[in-house]
Amino acid sequence: MKIVEICDALRKELLNTDYEYGFVVDGQIYKPNMAGGFDAVFYHLANTISRVQDPEVTKKEKEGTCIDAVLVMRQILDACCVPSKIWLTHHKQKNKVHPILPFEAEGKIVYLELTPQSSKPWYGKELVYDDEDAFLQAQEKDGYEI
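Residues numbered from 1 in each chain as written. Predicted model: local features only at pLDDT ≥ 70, side-chain atom pairs only at ≥ 80, totals over all residues. Heavy atoms only, no water.

Helix and strand counts for the chain stand at five helices and ten strands. Relative to its length of 146 residues, the chain is compact, with a C-alpha radius of gyration of 16 Å against a globular reference of 15 Å. Referenced to the eigenvectors of the C-alpha coordinate spread, the extents of the chain come out at roughly 45 × 35 × 20 Å. Taken across its 146 residues, the chain has 40% of its residues classed as buried. For the chain, the computed accessible surface area is about 8600 Å², with 51% contributed by carbon and sulfur atoms. Distance from the positive charge centre (17 side chains) to the negative charge centre (24 side chains) of the chain: 3 Å. (Helix = DSSP H or I, 4+ residues; strand = E, 2+ residues; numbered from the N terminus. Rg over C-alpha atoms; globule rule 2.2 N^0.38 Å. Buried < 20%, exposed > 50% of the residue type's maximum accessible area, 1.4 Å probe, protein only. Areas by Shrake-Rupley, 256 points an atom, 1.4 Å probe, with all protein chains shown as cover. Lys, Arg positive; Asp, Glu negative; His and termini not counted. Charge placed at Lys NZ, Arg CZ, Asp CG, Glu CD.)

According to the stated counting rule, one finds ten salt bridges in the structure shown. Among the salt bridges present, the one from Glu-56 reaches Lys-59, with a minimum N-O distance of 3.3 Å. Of this pair, Glu-56 and Lys-59 both sit in helix H3 (residues 55-61), three residues apart, which is roughly one turn of the helix. In this structure Glu-56 comes out as partly exposed when scored by relative accessible area, which is 43%. Notably, a salt bridge pairs Lys-85 with Glu-132, separated by 2.9 Å at the nearest N-O pair. One end of the pair, Lys-85, is in the loop between helix H4 (66-79) and strand E5 (87-91); the other, Glu-132, is in helix H5 (residues 132-141), with 47 residues separating them in the sequence. According to the relative accessible area criterion, Glu-132 is partly exposed, its value standing at 28%. (Salt bridge = Lys/Arg side-chain N within 4 Å of Asp/Glu carboxyl O.)

Membership of the largest hydrophobic core comes to 18 residues, with the highest contact counts inside it found for Ile-6, Leu-10, Leu-77 and Phe-103. At the level of elements, helix H1 (3-14), H4, strand E7 (103-105) and strand E8 (108-112) are the ones that each hand at least two residues to this core. Ranked by size, the runner-up nonpolar core spans eight residues in total, among them Trp-87, Ile-100, Tyr-111 and Tyr-129. (Core = buried A, V, L, I, M, F, W, Y, C linked by side-chain atoms within 4.5 Å.)

A few words now on H5. In an α-helix, one turn spans 3.6 residues, which is why side chains three or four residues apart end up on the same side. Those residues of H5 not exposed but buried are Phe-135, Ala-138 and Gln-139. The buried residues of H5 occupy one face: seen down the axis, they fall within an arc of 100 degrees. Within H5, the exposed residues directed more than 90 degrees away from the buried face are Asp-133, Gln-137, Glu-140 and Lys-141. Turning to H5, the residues buried within the fold contact E5, strand E6 (96-100), E8, strand E9 (126-129) and strand E10 (144-145). Taken from the residues just after H5, Gly-143 is the one with a positive phi, measuring 90 degrees. (Arc of directions from axis to C-beta. Contact = heavy atoms within 4.5 Å.)

The following block contains the structure:
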């Protein structure tokens, strides 16, 4: 498959399709309430009862974390026989972690950010690298450790 076809398939599922940040446990949906700032109750639940969801639950409920969105993307890529790797990034300066899913197509490495609540300027746009080393160097340049 061509890069554009793969990215279009991923965007069709995850971009502008009402996915929201949260999680589902035993059929109950949990979402943060940011009206009063940081939601300590949601954060506590996310760290105590949340677990990685089956991608089918994420797709059905349109509710998930960045991890869940990456697993939905992985499911789509696997169905298309597109090689991919799940990586965990750590932003040194902000001390935040985030999963990403670069994939291989047309002899290139492609990174497409489609996780809920992403404020990255490249959200929804594919970033294409010559190889995995170039991808890793770009991540490091942007302050991320893999």
